[in-house]
Amino acid sequence: MKRTPKSPVTWVALGTVAVLLVTGLAWGMIRYRAAHAFPIRAIDVSSDGTTIVSAGAADDFSEVVVWDLEEKRKVTKFAAGEGPVIWIRFLNSSGSAALMHCLLERGSSHAVTPGQMVLLDLETGREMARRSTRGYLTKTVVLPKSDRVVVLSWDSIELLQPDLRPITTLHSGSDLQLRAAAVDRDEKILAVSGKDQLHVWDLETQTALPSLVAEGTRFEKVAITPDGNWIAMTVDSNSYDQTEFPVYLWDRRNPESEVRTLMFESEVSHLAFVPGDSDRLLIVSGRDRLPSQTTLYSLAGEPLETLYSGTNAVDTIALSADGTELLLQLKRAGGSQLWDLSGDTATQLWDKRPFPLGNAIFSPNASSLIGYSDPSTVRIVDTLDTTQEFEGRGYRRPSWVWPIGSSAAGVLFLVGVNLLTKFFAGKSREQRAAVIDQVAAQLRWQRSSSISVEDLPDFEFLKQRAGGNFEFVLTGPSLDRESLMGWFKWTTRTNDSHQTHREFCFVYPDTDSTLPEFYIFPENFVSKISALAGWQDIDLDRTESLRKFSAKHVLRSNQPDRAADVVTHQFAEFLCDHPGWSIESLDGSLMLSWQNVISFQALKSRHNDPVSIVNLQKDAERIAGFLFGIR
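Residues numbered from 1 in each chain as written. Predicted model: local features only at pLDDT ≥ 70, side-chain atom pairs only at ≥ 80, totals over all residues. Heavy atoms only, no water.

J.: Got a minute to help me understand the overall build of the chain in this structure?
T.: Of the regular secondary structure elements, the chain holds eight helices and 41 strands. In the chain, buried positions account for 48% of the 631 residues. Long-range contacts, defined as pairs at least 24 residues apart, comprise 45% of the intrachain contacts of the chain with a sequence gap of at least 6. Split by element, the accessible area of the chain, about 31600 Å² in all, is 51% carbon and sulfur. (Helix = DSSP H or I, 4+ residues; strand = E, 2+ residues; numbered from the N terminus. Buried < 20%, exposed > 50% of the residue type's maximum accessible area, 1.4 Å probe, protein only. Contact = heavy atoms within 4.5 Å. Areas by Shrake-Rupley, 256 points an atom, 1.4 Å probe, with all protein chains shown as cover.)

This is the structure:
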């Protein structure tokens, strides 16, 4: 019986759909109106301290938001690039243009990150230029004072104009393994680390300067003093048996002078000269959960002052443009320390744990820290008292979305499963009715309204499926006898669930023969265990075909000798070649049933279409013919 539109299930389904729609619309509006709908990956502040640009990453594009710090508001938001952003940098002091790097492919190696550099007009949100970076490292040095960009690849160094057009290739070759780059304060000297050599260039004349050559060494991190005279570098620390980690100090003005070496027991994670002070080198060494130190060294290689020592590794550092303040952000503890480096000795201003500001950078005057958290909200905090100055809120899932959405989705799922089950059950019944009508037309049999199980003998098949009934039954002549066929349906229940089963059956209610009582069915694991427990299984071994029959079938009878005579050579071969049949003779009636055959050799379903059912009827008639003596 069909449900009316006013049925409880219909109202529940409609109500659930309405709740989900309202929840989804509210969620979408909140996300749309948020400054950032996706987690922020990169941030930068203009040199005049009036504008911030932040970039969030989706799977196939990046969203860029421009902020006005003076008016404390979002200026514009737009999509850019064709992949998630890696970094973003202002190209000029006015804050009107920015350069960003986006990934195009995932799964790239650590060294090579295929992607694209995109030049953005932040006032209009349009792309002004784009350059493929397939094969380029993520290390790109923006030179705003001289309006140039240095792009470092594995085997080349290119100098570009601000519009990304090439100026010149400073260096190229095979297997250079160029790793990192650094420039001095005036953007005149460029230092690049690579395999066997530290390369140095004069960016004004675009000529190579004396370099540091060390065969068999792979230089990695590099830092240069503000005046460009001293260069510090580390070596590749990926060797598993490495027990010492050196930092080299080299006076590039005296290329032949001895290189000073500082040795550490743990790998160096950060290396930087203090801006405005060419005589202090900041070195961070150590790993998380292992001894970690942050120390200031002189150019002579002498330790000046240890700022931090502990087992929580320093994750990131930030130095103010004038070199007066240093931010250390710890990895596991999630805290941060702020140090004043303006005096002869460093002074710790505060130690905050936790400090809710990730990937922080200093404003140009070092009065504020700019970062993001939650993870799509831009925040600015005062460096002295850490009070919040500005919050550019990004998308945060409302607290009510999960409970309401999950509950509504759960209700909708249950209602949907119930309705779909009933729908497909009705469809399945209609399909079976159509199939049986086509079979009746082909065989010229008649539909029977019903067959009472009580009118049939007490077949073992029926006892094992108590409570079942026949459906879509056809009656017609077979071997000069009245016979019937149709699906036998029964239900099994376990705890609160139930499952419906069907087997296609053929019944000869009156065989008019002298067949003994017997029961033949396919042997399976359960029947083998039953045989070991003492249940009857008559084995036949007169011929090879009978032995094969006994290996695949169980034969039971209260008249074993007569039952054995029923199984002839041809009958045994037919059943072995046509698996899936169960045959039972009782009180002058014969019942044959067929179930799907599933094995490593065969997977058949022969009662779901008219042709298969007609073929089944022919097989059943052949089996009955063997038993009735008709060859």
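That shown, we press on.
J.: Would you explain the sheet that holds strand β37 (residues 553-556) in this entry?
T.: The pairing of strands in a sheet comes from backbone hydrogen bonds and takes either a parallel or an antiparallel form. On the basis of which strands lie adjacent, the open sheet formed by eight strands has the order β32-β33-β34-β35-β39-β38-β36-β37 and antiparallel pairing. Taken across any chain shown, the strands that pair with only one partner, and hence form the sheet edges, are β32 (446-448) and β37. If you compare each strand with its neighbour and ignore which way they point, the axes differ by 20° on average. As paired strands, strand β33 (residues 469-478) and strand β34 (residues 481-494) are joined by eight bridges and run antiparallel to one another. Residue pairing in the sheet places Phe 470 in a bridge with Phe 488 of β34. Of the strands in this sheet, β36 (518-522) and β37 are in contact with helix α5 (residues 544-552), which crosses β37 at around 90°. Helix-sheet contacts for helix α8 (residues 610-628) involve β33, β34, β35 (497-508), β36, β38 (581-586) and β39 (589-594), and the interaxial angle to β35 is about 55°. (Pairing = 2+ DSSP bridges. Axes fitted to C-alpha atoms, helices over the stretch in contact; angles between N-to-C directions.)

J.: How do you make sense of unusual backbone geometry when you look at a structure like this?
T.: Most peptide bonds are trans, and most residues other than glycine sit at a negative phi. At the junction of Arg 353 and Pro 354, the peptide bond is cis and its omega measures out at -5° in the coordinates. Position of Pro 354 among the secondary structure elements: in the loop between β27 (347-352) and β28 (358-362). The phi torsion at Gln 177 lies on the positive side, around 50°, for a residue other than glycine. When its relative accessible area of 10% is taken as the criterion, Gln 177 is described as buried. Residues other than glycine seldom take positive phi values, yet Asp 587 does so here, at roughly 50°. Looking at where Asp 587 falls in the secondary structure, it is placed in the loop between β38 and β39. Under the relative-accessibility criterion, Asp 587 is labelled exposed at 59%.

J.: Can you help me understand the side chain of Asp 68 in this one?
T.: With respect to the helices and strands, the residue Asp 68 is situated in strand β3 (residues 62-68). Despite its burial, Asp 68 pairs with no opposite charge; the closest candidate is Arg 73, at 4.2 Å N-O. Excluding residues that lie within four positions of it along the chain, Asp 68 makes contacts with Thr 50, Arg 73 and Val 75. (Lys, Arg positive; Asp, Glu negative; His and termini not counted. Salt bridge = Lys/Arg side-chain N within 4 Å of Asp/Glu carboxyl O.)

J.: What is the right way to look at the nonpolar core in this model?
T.: Where a protein is soluble and globular, its nonpolar side chains tend to be buried together. Among the nonpolar cores identified, the biggest contains 44 residues, and Ile 583 and Leu 627 are the most heavily contacted of them. Looking at which element gives the most residues to this core, the answer is α8, with nine residues. Not counting residues within four places of it along the chain, the set of residues in contact with Ile 583 comprises Phe 518, Tyr 519, Ile 520, Phe 571, Leu 575, Leu 590, Met 591, Leu 592, Ile 623 and Leu 627. (Core = buried A, V, L, I, M, F, W, Y, C linked by side-chain atoms within 4.5 Å.)

J.: Would you mind going over the packing of aromatic side chains with me for this structure?
T.: To describe a pair of aromatic rings, you give the distance between the ring centres and the angle between the ring planes. Applying the stated criterion across every chain, the model contains 16 aromatic pairs. Between Phe 472 and Trp 487, the aromatic rings sit 6.3 Å apart at their centres with planes inclined by 85°, giving edge-to-face as the arrangement. With Phe 472 in strand β33 and Trp 487 in strand β34, this pair connects stretches of sequence that are 15 residues apart. Across this residue pair, the class does not change: Phe 472 and Trp 487 are buried. Here Phe 571 and Phe 626 contribute two aromatic rings whose centre-to-centre distance is 6.1 Å and whose plane-to-plane angle is 50°, an arrangement assigned as tilted. Remark: Phe 626 occurs in helix α8 and Phe 571 occurs in helix α7 (residues 569-577); sequence separation between them is 55 residues. Summarising the burial analysis for this pair, Phe 571 and Phe 626 share the class buried. One aromatic cluster is present, formed by Phe 472, Trp 487, Phe 504, Phe 506 and Trp 581 through successive ring pairs. A cation over a ring is seen here: Arg 465 above Trp 490, with NZ or CZ 4.8 Å from the ring centre. Cation over ring: Arg 481 sits above Phe 628, and NZ or CZ is 4.1 Å from the ring centre. (Phe/Tyr/Trp six-rings, centres within 6.5 Å; stacked < 30°, edge-to-face > 60°. Lys NZ or Arg CZ within 6 Å of the ring centre and 35° of its normal.)

J.: Explain the environment of Asp 236 to me, please; I cannot follow it from the model alone.
T.: With respect to the element layout, Asp 236 can be found in the loop between β17 (230-235) and β18 (245-251). Along the primary structure Asp 236 and Glu 267 are separated by 31 residues, whereas in three dimensions their C-alpha atoms are 9.2 Å apart. Here the side chain of Asp 236 touches Arg 218 through a polar contact of 2.2 Å, side chain to side chain. (Polar contact = N/O pair within 3.5 Å; in protein donor to acceptor, adjacent residues only side chain to side chain.)

J.: What should I look at first to understand α8 in this one?
T.: Since the α-helix turns once every 3.6 residues, residues separated by three or four places project in the same direction. Its 19 residues place the ends of α8 27 Å apart at the C-alpha level, agreeing with the 27 Å of an ideal helix rising 1.5 Å per residue. For α8, the N-terminal capping position is held by Asp 609, with its side-chain oxygen 3.3 Å away from the main-chain nitrogen of Val 611. At the exit of α8 stands Gly 629, carrying a positive phi of roughly 90°. (Expected span 1.5 Å × (residues − 1).)

J.: How should I be thinking about a nonpolar patch on the surface in this particular structure?
T.: On the surface, Phe 525, Val 526, Ile 529 and Leu 532 cluster together to form a nonpolar patch covering roughly 480 Å² of accessible area. As for its position among the elements, Ile 529 is in helix α4 (residues 525-532). Overall, Ile 529 belongs to the partly exposed group, its relative accessible area being 42%. (Patch = residues over 30% accessible without salt bridge, like charges linked within 9 Å, V, L, I, M, F, W, Y side chains within 5 Å.)

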